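As a plain string of letters, each chain reads:
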Amino acid sequence: MIRGIAIVWGGLVLALATGLFLLKYEVIALEDDLAALTGAIAADREAIHVLRAEWSYLSEPAYLERLVGSHLDLVPVGPERMTTLAALPFRPVARPDAPAPLAPRVLNPGQVDAIPLPGRKPMTAPRPLATLVTLPLHPSRGRP
Amino acid sequence: MSACLFPPRRRGQFLYPGDEIRDVPGRDPRQAARVALDSPTKAAIEVGRTRLAVTAGVFVIAFLVIAVRLVNLMALSDGRAHETADAALPAAQAVVQRGDVLDRNGVVLATNLPTVNLYADARQVHDPDDTAARLVSVLPDIPFETARARLASGRSFVYLRRNLTPREQDLVNRLGLPGLEFEAAERRVFPQGRLAAHVLGATDVDNRGIAGIERAFDDRLGTDNRPLRLSLDIRVQHAVREVLAEAVDRFQALAGAAMVMDARTGELLALVSLPDYEPERFGAAPSEARFNRATLGVYEMGSTFKLVNTALGLEVGGYRLTDGFDASHPLRMAGFRIKDFHAQGRWLSIPEILVHSSNIGSGKMALSVGGERQKAFLDRLGLLSPVSIELPEAGVPLYPETWRPINTVTISYGHGIAVTPLHLVTATAALVNGGVLRAPTLLRRGSGAPPGGRRVLSVETSDKMRQLMRMVVEEGTGGKADVPGYLVGGKTGTAEKANGGGYRAKALLPSFVAAFPMDAPRYVVLAMLDEPKGLPETHGFATAGWNAAPTAGAIIARVAPLLGVTPRPAIDGPPDGVRLAVAGGGPGLGEGAIGGPPR
């Protein structure tokens with residue numbers, strides 16, 4: 001009886017000691033990982049901080065404007081180029097008796113900001129205009 | 001298994017614990033004691049046994065408590081493991097010691113960057129001459145004599161240079177000289193350069209604010225690492241600065257100022273004062289560049305004040321738009337003759353007084369309302385108190401101690417009272433936004449309902465003021481500020497700069513204050529130029545209609561698409577009543593209106 005209990009306790013003590021030993025080394029390894037991760041996070045946060053400042057520096061409007069001026073044909077959007085979808089005119093419906101001459105089409109004809117529009121499709125049927133009129137996003141606004 | 005570990009109990013002699021070694025009288029010590037029932041020995045043994053049992057019990061309980069506590073601490077961790085771990089590892093420490101400043105969209109305007117400072121422990125320097133020579137070879141901007149003197153000083157800590165770049169640090173490291181050490185440091189940088197210089201201000205070498213927002217919020221930025229979000233929009237700021245710089249350059253002006261304010265909230269989206277400076281080189285900037293003309297400089301604003309005067313007549317004087325005053329003859333008062341620049345020489349209605357910028361009509365209207373009420377009205381609009389803005393550079397208005405009738409007349413057209421341009425923008429916002437005065441701010445307000453303001457005008461007066469401002473642009477002096485589709489309304493003002501006791505006729509201070517779109521004003525814009533010159537294309541004129549008004553118009557044309565204001569088809573002019581009054585003239589009403597204002 002006594003010997004059996006002693007053996008049980010001895011086994012327990014051995015298991016505990018082994019477990020504690022393993023646990024200690026696992027904790028040491030985990031702490032190393034944690035320190036490495038914390039260091040990496042700190043380094044990343046500092047890098048992000050510096051990069052945010054650099055992003056702001058590189059996206060300074062005057063600098064971007066110089067770059068755009070030397071590489072692109074963009075100009076600031078003026079108020080004359082802003083409108084709403086509802087304000088866009090529909091294409092006038094041609095009369096059936098008048099064969100429409102295919103004149104070059106521009107938006108704002110005769111003005112400095114005239115914009116050429118794509119040409120019409122060749123007339124294959126007498127009703128292409130009617131189909132075009134139904135095309136806009138708001139069919140209810142289409143006039144016959 | 002259990003039989004092996006727990007062998008069946010062997011029945012034998014009953015022995016109490018300790019019996020084996022007890023010396024029982026009359027017995028062989030080797031022989032187990034036999035105890036007779038009811039003997040004193042038996043009683044003593046019973047007592048000892050009970051005591052042993054109690055002691056063992058106490059120990060068992062104590063060890064159980066310890067075991068439970070151990071299990072609780074190690075396995076269940078007492079519920080505080082996370083706190084303990086967090087305390088041991090303070091995660092997510094701030095990268096830098098001073099908070100960032102952002103614009104309203106989150107663009108970084110000011111931030112601290114980690115750098116290193118180079119210092120020397122002069123006690124460890126072997127050969128100051130050689131060390132200095134080598135150091136100067138990689139950092140040529142340090143004078144050799146300075147470096148040598150510091151290295152030979154024998155002190156344990158002496159700065160050699162602040163804020164090295166990583167490359168410079170590497171070069172110094174490669175020298176391998178003893179006694180040269182690095183110290184982690186921070187430096188305030190302003191990535192947008194001089195774009196918002198007068199708003200941001202500047203910091204000194206120890207990153208303490210010495211001007212602008214940096215100084216006003218020095219404590220807040222130093223203690224709280226959360227970024228400070230301004231109301232500025234850097235895109236708007238850039239557009240305004242560029243247009244203003246072009247105007248200053250073109251008209252050869254000494255200086256300029258421009259602002260864009262949200263008329264509903266009082267937030268300033270742009271605030272530019274030219275000339276400006278690089279915030280990182282604040283100390284080297286000349287004083288006129290450091291001077292914030294938008295919020296600190298006080299100026300006699302000239303005819304733009306007629307907006308305030310007209311609102312005074314409509315709101316306090318109780319005049320209608322059809323009322324008017326005779327402006328056919330110069331107004332004589334206290335030895336001065338007050339004339340009109342755009343003289344019409346006839347009776348003028350109140351809209352005409354504003355459209356033609358009549359000093360005579362304005363003066364007569366102010367006189368009929370009265371000096372006391374004029375002063376009270378200006379005070380109500382905040383024009384007599386220091387401008388309330390989150391900058392240390394806040395100007396204090398100058399106005400006469402005793403408010404004489406001549407002061408009433410000159411103040412009606414913006415002379416004899418000096419306010420900051422920001423005062424005028426704030427008051428104009430109240431005139432057009434329905435009559436609510438809101439303190440201007442450089443901090444972004446939260447989304448949602450606009451902050452409570454102070455009602456200074458009735459909604460009807462504000463409506464009339466909007467119509468009148470639109471008329472000034474449509475038919476009056478502000479025509480060059482118009483931008484098709486945006487319904488710009490405004491007022492020109494050309495002040496003569498005061499010089500000692502008098503005014504210098506050639507030194508003008510033209511300004512234009514505008515709001516758009518006038519059917520529901522969103523933004524108030526001010527452009528001001530200091531001593532612009534007349535140009536051939538302006539026919540030699542240097543008045544506001546020729547320089548400040550087109551500048552404000554150009555600002556609106558650049559800024560309105562950025563701010564998402566949709567252009568709209570023009571409305572058909574002001575209501576008929578106004579137009580009739582403008583066209584009519586009505587000579588019979590003129591003089592009568594001065595005597596007793598209609599209620």
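The rules behind these values
- Residues numbered from 1 in each chain as written.
- Chains lettered and ligands numbered in written order.
- Predicted model: local features only at pLDDT ≥ 70, side-chain atom pairs only at ≥ 80, totals over all residues.
- Heavy atoms only, no water.
- Helix = DSSP H or I, 4+ residues; strand = E, 2+ residues; numbered from the N terminus.
- Buried < 20%, exposed > 50% of the residue type's maximum accessible area, 1.4 Å probe, protein only.
- Contact = heavy atoms within 4.5 Å.
- Areas by Shrake-Rupley, 256 points an atom, 1.4 Å probe, with all protein chains shown as cover.
- UniProt positions renumbered as here; feature names shortened; annotations may be inferred.
- Salt bridge = Lys/Arg side-chain N within 4 Å of Asp/Glu carboxyl O.
- Polar contact = N/O pair within 3.5 Å; in protein donor to acceptor, adjacent residues only side chain to side chain.
- Patch = residues over 30% accessible without salt bridge, like charges linked within 9 Å, V, L, I, M, F, W, Y side chains within 5 Å.
- pLDDT = per-residue confidence, 0-100.
- Expected span 1.5 Å × (residues − 1).
- Phe/Tyr/Trp six-rings, centres within 6.5 Å; stacked < 30°, edge-to-face > 60°.
- Lys NZ or Arg CZ within 6 Å of the ring centre and 35° of its normal.
- Axes fitted to C-alpha atoms, helices over the stretch in contact; angles between N-to-C directions.
- Parallel < 35°, antiparallel > 145°, perpendicular 65-115°, else oblique.
- Left-handed = near helix turned anticlockwise from the far one by under 90°.
- Nonpolar A, V, L, I, M, F, W, Y, C, P; charged D, E, K, R; others polar.
- Pairing = 2+ DSSP bridges.

## Some thoughts on the overall build of chain B
Phase 1 of the analysis: Looking only at helices and strands, chain B has 21 helices and 18 strands in total.
Phase 2 of the analysis: Out of the 599 residues belonging to chain B, those deemed buried represent 50%.
Phase 3 of the analysis: Taking contacts inside chain B between residues at least 6 apart in sequence as the whole, the part at least 24 apart equals 71%.
Phase 4 of the analysis: Summed over all atoms, the accessible surface of chain B reaches about 28000 Å², with 55% contributed by carbon and sulfur.

## Description of the UniProt feature "transmembrane region" (unreviewed entry) in chain A
Phase 1 of the analysis: Annotation from UniProt places "transmembrane region" (unreviewed entry) at residues 6-23 of chain A.
Phase 2 of the analysis: For residues 6-23 of chain A, the end-to-end C-alpha separation is 25 Å, with 100% helix and 0% strand making up the annotated structure.

## Observations regarding the interface of chain B and chain A
Phase 1 of the analysis: The interface is formed by 32 residues belonging to chain B together with 23 residues belonging to chain A.
Phase 2 of the analysis: Our count for the contact surface shared by chain B and chain A stands at one salt bridge.
Phase 3 of the analysis: Across the salt bridge formed by A:Glu65 and B:Arg558, the nearest N and O atoms sit 3.6 Å from each other.
Phase 4 of the analysis: For the pair chain B and chain A, the interface holds five residue pairs in polar contact (both at pLDDT 80 or more).
Phase 5 of the analysis: For the side of chain B that touches chain A, the elements supplying multiple residues, two or more each, are β2 (108-120), α10 (234-250) and α19 (548-562) of chain B.

## Quick notes on the UniProt feature "transmembrane region" (unreviewed entry) in chain B
Phase 1 of the analysis: Taking the UniProt record as the reference, the feature "transmembrane region" (unreviewed entry) is found at residues 52-71 of chain B.
Phase 2 of the analysis: Helix and strand shares over residues 52-71 of chain B are 100% and 0% respectively, and the end C-alpha atoms of the span are 28 Å apart.

## Considerations on a nonpolar patch on the surface
Residue and element names in this part refer to chain A.
Phase 1 of the analysis: Together, Met 1, Ile 2, Ile 5, Val 8, Trp 9 and Leu 12 make up an exposed nonpolar region whose accessible area comes to about 600 Å².
Phase 2 of the analysis: Inspection of the secondary structure puts Trp 9 in helix α1 (residues 2-58).
Phase 3 of the analysis: For Trp 9, a relative accessible area of 54% corresponds to the exposed category.

## Considering the confidence of the model for chain B
Phase 1 of the analysis: When pLDDT is averaged along chain B, the result is 84, and 87% of the positions lie at 70 or above.
Phase 2 of the analysis: Note on residues 570-599 of chain B: pLDDT under 50 across the span, and 50 contacts to partners over four residues away in sequence or across chains.

## Some details on unusual backbone geometry
Residues and elements named next belong to chain B.
Phase 1 of the analysis: Cis geometry is found at the peptide bond from Leu 274 to Pro 275, where omega equals -5°.
Phase 2 of the analysis: Following the sequence through the fold, Pro 275 ends up in the loop between β9 (268-274) and α11 (287-290).
Phase 3 of the analysis: Phi is positive for Leu 487, close to 50°, though the residue is something other than glycine.
Phase 4 of the analysis: Within the secondary structure, Leu 487 sits in the loop between α18 (459-475) and β16 (489-499).
Phase 5 of the analysis: For Glu 531, which is not glycine, the phi dihedral falls at a positive 55°.

## Concerning the environment of B:Trp403
All names here are of chain B.
Phase 1 of the analysis: Structurally, the position occupied by Trp 403 is in the loop between α15 (371-380) and α16 (405-412).
Phase 2 of the analysis: Judged by its relative accessible area of 13%, Trp 403 falls in the buried class.
Phase 3 of the analysis: Sequence separation between Trp 403 and Lys 375 is 28 residues; the distance between their C-alpha atoms is 7.9 Å.
Phase 4 of the analysis: If we ignore the near neighbours within four places in the chain, the residues touching Trp 403 are Gly 371, Gln 374, Lys 375, Leu 378, Leu 384, Thr 408 and Ile 411.

## Focus on α18(B)
Phase 1 of the analysis: With 17 residues, α18(B) extends 24 Å from end C-alpha to end C-alpha; this agrees with the ideal 24 Å at 1.5 Å per step.
Phase 2 of the analysis: The complete set of buried residues in α18(B) reads B:Thr461, B:Ser462, B:Met465, B:Arg466, B:Leu468, B:Met469, B:Arg470, B:Met471, B:Val472 and B:Val473.

## A short note on the packing of aromatic side chains
Residue and element names in this part refer to chain B.
Phase 1 of the analysis: Taken as a whole, this structure holds nine aromatic pairs over all chains when the rule is applied.
Phase 2 of the analysis: Ring centres of Tyr 486 and Phe 516 lie 6.2 Å apart, and the angle between their planes is 70°; this geometry places the pair in the edge-to-face category. One end of the pair, Tyr 486, is in the loop between α18 and β16; the other, Phe 516, is in strand β17 (residues 502-516), with 30 residues separating them in the sequence.
Phase 3 of the analysis: Accessibility expressed as a relative area gives 0% for Phe 516, which makes it buried.
Phase 4 of the analysis: By the ring-pair criterion, three or more aromatic residues cluster together here, those being Tyr 119, Phe 157 and Tyr 159.
Phase 5 of the analysis: For the cation-ring pair, Arg 162 lies above Tyr 159, with the distance from its terminal atom to the ring centre recorded as 4.5 Å.
Phase 6 of the analysis: Here the guanidinium or amino end of Arg 290 rests over the ring plane of Phe 282, the centre of that ring lying 4.7 Å away.

## Notes on the pattern of salt bridges
Residues and elements named next belong to chain B.
Phase 1 of the analysis: Applying the stated criterion to the full structure yields 28 salt bridges over all chains.
Phase 2 of the analysis: One salt bridge in this structure joins Glu 214 and Arg 188, with 2.8 Å as the shortest N-O distance. With Glu 214 in helix α8 (residues 212-216) and Arg 188 in strand β4 (residues 180-189), this pair connects stretches of sequence that are 26 residues apart.
Phase 3 of the analysis: Look at Glu 214 and you get buried, because its relative accessible area is 0%.
Phase 4 of the analysis: For Asp 276, the salt bridge identified is with Arg 241, shortest N-O distance 2.8 Å.

## Describing the packing of helix α4 (residues 128-138) of chain B against helix α5 (residues 144-151) of chain B
Residue and element names in this part refer to chain B.
Phase 1 of the analysis: With their axes 9 Å apart at the nearest point, α4 and α5 run at an angle of 140° to one another. Regarding the angle of α4 to α5, the classification is oblique. Here the hand of the crossing between α4 and α5 comes out right-handed. From α4, Pro 128, Asp 129, Thr 131, Ala 132, Ala 133 and Val 136 reach across to α5, where they touch Phe 144, Ala 147, Arg 148 and Leu 151.
Phase 2 of the analysis: Along the lines of polarity and charge, the residues of the contact of α4 with α5 split into seven nonpolar, one polar and two charged.

## Description of the pairing of strand β3 (residues 158-164) of chain B
Residue and element names in this part refer to chain B.
Phase 1 of the analysis: In terms of burial, β3 is largely enclosed, as five of its seven residues are buried.
Phase 2 of the analysis: Note: β2 against β3, four bridges, orientation antiparallel. The residue of β3 that forms the bridge with Leu 118 is Arg 161.

## Observations regarding the side chain of B:Thr304
Phase 1 of the analysis: On the secondary structure map, B:Thr304 appears in the loop between α11 and α12 (305-315).
Phase 2 of the analysis: Excluding its chain neighbours within four sequence positions, the residues that come into contact with B:Thr304 are B:Leu424, B:Lys491, B:Thr492, B:Gly493, B:Ser511 and B:Val513.

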